[in-house]
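# Notes for the structure review
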Amino acid sequence: MSPKSSGKGIYHGWWIVITCLALMALIFVPLTNLPGLFTVFITEEFGITRTAFTTHITISTLTSMAAALFVGRLYQHHSPRLLMAVSTVIIAACFLGYSLAGSVVHFYVISAIIGFFGMFLTSVPISILINNWFGPKMKGKAMGIAMMGSGLGAMVLNPLFTSINTRFGWRMSYRLAALLAVAVILPLVLLTVVRAPEDKGLTRIGEDPNAAAAPSGEVTGLTVGQALRSSIFWSMAVTFFLFSATATIINTNAIPYMTDVGLDPVTAAQMMSLSALGVIIGKLILGAVSDKWGVKPASTAAILCLLVGMACFLGVEKTALLAPVATFVFGLGNANATVIMPLLASDMIGNRDFGTIFGYASLASALGASAAPLFGSLIYDSTGSYAAAWVGNIVLIAVSLVGLYLCYRLRPGVYRKLGLEGQK
């Protein structure tokens with residue numbers, strides 16, 4: 001269906017996709033992908049271990065878990081534009097606060113705040129908005145484009161922040177992050193965010209033309225209570241945990257690892273920009289494949305890329321020639337963590353209480369994101385190497401593939417038991 005098929009001009013949902021792309025680039029990336037750029041600079045300035053520094057990431061993701069308990073419900077019952085605008089201002093203030101930090105304790109306090117409000121700007125609201133504005137035949141494409149922002153952001157900000165860190169100090173990078181949030185994100189949120197097509201007199205695009213029995217806008221799927229009592233929810237939650245953990249351990253520890261084995265900081269940042277290019281390509285492919293063939297085969301392909309990428313990471317210590325292969329291939333698969341989770345949730349639980357249930361499931365994702373960076377740095381501090389962490393990550397990636405297939409195996413029985421066999 002054409003983007004202009006609902007209303008005159010460009011379908012408003014695509015403007016929301018652009019805003020979501022910017023959120024992933026300028027909010028999600030500084031929060032989750034870039035802390036590794038600061039590790040060496042800050043640990044040396046403050047005289048602390050890498051574990052002490054990466055603990056602030058754990059604190060951030062733990063408070064995001066607290067927010068996940070009710071962020072979905074809030075977005076279902078209150079203005080998304082207002083919630084996102086207020087959160088943007090708070091996030092910008094936190095970035096500025098990082099730039100003024102005098103000790104790692106300041107990072108801990110600010111991270112508790114930024115993690116909480118970051119949940120109001122990233123995976124949950126983005127997933128809700130795209131689920132509201134795009135039907136099953138276009139949802140994957142829209143999600144892939146929106147989530148592509150993390151790859152674009154990482155590809156641009158990795159070398160930019162590395163250069164700033166080297167030439168002007170790490171504090172200037174955080175000040176730039178604050179400026180970008182206020183100057184770019186806040187106007188986009190205020191100008192484009194609308195809860196659903198009906199609020200602008202439009203209809204959702206991308207509906208399945210063959211699903212005559214399921215008209216546009218029909219409410220289907222599980223209630224919150226049904227989901228929380230079902231095996232598919234808990235299988236999905238464990239899978240989300242693994243998706244996030246296996247991605248975040250690399251996002252946070254890859255640059256310190258590559259500098260340890262001989263790459264200079266600028267080259268290591270360039271390798272992560274190459275990984276970001278892989279993420280961009282991977283997200284576009286994953287979205288298109290999900291629309292055409294389904295979420296399960298798309299995610300399977302991504303997980304296989306993660307396995308190949310991790311195997312190459314293990315070899316970087318022996319030959320730096322594997323670094324570009326490792327980062328790019330892992331980047332292709334890394335798209336799995338953001339694109340697939342909301343699409344998998346939509347397949348598993350439908351749209352009846354999507355925001356609330358996805359918010360609850362995101363608790364598991366946040367837990368994985370909090371545990372993995374700490375796990376990687378603890379392994380390094382105790383052994384002087386990341387090798388054991390990389391081997392452990394390969395095992396977890398393989399288990400995540402099992403979790404994915406278990407979700408789809410359990411779903412028919414749960415829906416049959418609840419008398420919902422005919423629903424998506």
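Criteria and cut-off values
Residues numbered from 1 in each chain as written. Predicted model: local features only at pLDDT ≥ 70, side-chain atom pairs only at ≥ 80, totals over all residues. Heavy atoms only, no water. Helix = DSSP H or I, 4+ residues; strand = E, 2+ residues; numbered from the N terminus. Buried < 20%, exposed > 50% of the residue type's maximum accessible area, 1.4 Å probe, protein only. Contact = heavy atoms within 4.5 Å. Areas by Shrake-Rupley, 256 points an atom, 1.4 Å probe, with all protein chains shown as cover. Phe/Tyr/Trp six-rings, centres within 6.5 Å; stacked < 30°, edge-to-face > 60°. Core = buried A, V, L, I, M, F, W, Y, C linked by side-chain atoms within 4.5 Å. Salt bridge = Lys/Arg side-chain N within 4 Å of Asp/Glu carboxyl O. pLDDT = per-residue confidence, 0-100. Axes fitted to C-alpha atoms, helices over the stretch in contact; angles between N-to-C directions. Parallel < 35°, antiparallel > 145°, perpendicular 65-115°, else oblique. Left-handed = near helix turned anticlockwise from the far one by under 90°. Nonpolar A, V, L, I, M, F, W, Y, C, P; charged D, E, K, R; others polar. 1 Å grid on protein atoms, 1.4 Å probe; cavity = no way out; pocket = protein on both sides within 12 Å on 5 of 7 lines; lining within 4 Å. Points joined across faces, edges and corners; volume = space filled by probe spheres on them. Expected span 1.5 Å × (residues − 1).

All right, on to the overall build of the protein chain then. Counting its regular elements, the protein chain contains 17 helices and zero strands. The C-alpha extent of the protein chain, read off along each of the three principal axes, is 60 × 40 × 35 Å. Across the 424 residues of the protein chain, 58% fall into the buried class. Within the protein chain, contacts between residues at least 6 apart in sequence are counted, and of these 84% link residues at least 24 apart. When the accessible area of the protein chain is evaluated, it comes to approximately 15,900 Å², of which 69% is carbon and sulfur surface.

Within the secondary structure, Val325 sits in helix H14 (residues 322-334). The exposure class assigned to Val325 is partly exposed, which follows from its relative accessible area of 38%. Through-space distance from the C-alpha of Val325 to that of Ile280 is 16 Å; in sequence the pair is 45 residues apart.

Taken as a whole and assessed by the stated rule, the structure comprises 28 aromatic pairs. Ring geometry for Tyr98 and Tyr174: centres 5.0 Å apart, planes at 45 degrees, overall tilted. Of this pair, Tyr98 sits in helix H5 (residues 80-99) while Tyr174 is found in helix H9 (residues 170-192), placing the two residues 76 residues apart along the sequence. Residue Tyr98 shares its accessibility class with Tyr174, and that shared class is buried.

Below, the discussion takes up the environment of Ile91. Among the secondary structure elements, Ile91 is positioned in helix H5. The buried category is assigned to Ile91, whose relative accessible area is 0%. Distance in space between the C-alpha atoms of Ile91 and Ile110 is 9.7 Å, their sequence separation being 19 residues. Residues in contact with Ile91, not counting those within four places in the same chain, are Ile27, Ile114, Phe117, Gly118 and Leu121.

Looking now at the nonpolar core. Core analysis: the biggest nonpolar cluster contains 132 residues, and Phe134 and Met236 have the highest contact counts within it. In terms of residues, this core owes the most to one element, helix H1 (residues 12-33), which gives 13 residues. Not counting the four nearest positions on each side in its chain, Phe134 is found in contact with Tyr11, Gly13, Trp14, Val17, Lys139, Ala142, Arg204 and Ile205.

Glancing now at the pattern of salt bridges. Taken as a whole and assessed by the stated rule, the structure comprises three salt bridges. Taking the shortest distance from any N to any O, the salt bridge between Asp260 and Arg50 comes out at 3.0 Å. One end of the pair, Asp260, is in helix H11 (residues 231-260); the other, Arg50, is in helix H3 (residues 50-68), with 210 residues separating them in the sequence. With a relative accessible area of 38%, Asp260 lands in the partly exposed category.

So, on to the environment of Ala276. Looking at where Ala276 falls in the secondary structure, it is placed in helix H12 (residues 265-293). We classify Ala276 as buried; its relative accessible area is 3%. A sequence separation of 123 residues divides Ala276 from Gly153, and the C-alpha atoms of the two residues are 7.9 Å apart. Not counting residues up to four positions away in its chain, the partners in contact with Ala276 are Gly151, Ala154 and Met155.

Moving on, we come to the confidence of the model for the protein chain. Chain-level pLDDT for the protein chain is 87 on average; 95% of the residues reach the 70-or-more range. Note on residues 1-6: pLDDT under 50 across the span, and 17 contacts to partners over four residues away in sequence or across chains. A low-confidence stretch, residues 212-216 stays under pLDDT 50, and its non-local contacts, those more than four residues away or across chains, total three contacts.

In the contact formed by helix H2 (residues 35-46) and H11, the axes pass within 7 Å of each other and the chain directions differ by 45 degrees. Compared by their axis directions, H2 and H11 come out oblique. As for the relative orientation of H2 and H11, their crossing is right-handed in sense. Across from Gly36, Leu37 and Thr39 in H2, the residues of H11 making contact are Thr252, Ile255 and Pro256. Among the residues making up the contact of H2 with H11, the classes are represented as three nonpolar, three polar and no charged.

Our next topic: empty space enclosed by the protein. Throughout the structure, instances matching the rule amount to three cavities of 30 Å³ or more. In this structure, the largest cavity spans a volume of roughly 650 Å³. In terms of lining, the largest cavity is formed by 37 residues, of which the most central are Phe28, Thr32, Thr248, Thr338 and Ala369. The class makeup of the residues in the lining of the largest cavity is 16 nonpolar, 20 polar and one charged. Considered as a void within the structure, the second largest cavity measures approximately 90 Å³ in volume. Those elements that place two or more of their residues in the lining of the second largest cavity are H1, H2 and H3. Ranked by residue count, the leading element in the lining of the second largest cavity is H3, at three residues. In terms of residue class, the lining of the second largest cavity is built from eight nonpolar, three polar and no charged.

Turning to H3, a few remarks are in order. A rise of 1.5 Å per residue sets the reference length of H3, with its 19 residues, at 27 Å; its end C-alpha atoms lie 27 Å apart and thus fit the reference within 8%. With 15 of 19 residues buried, H3 is to be regarded as a mostly interior element.

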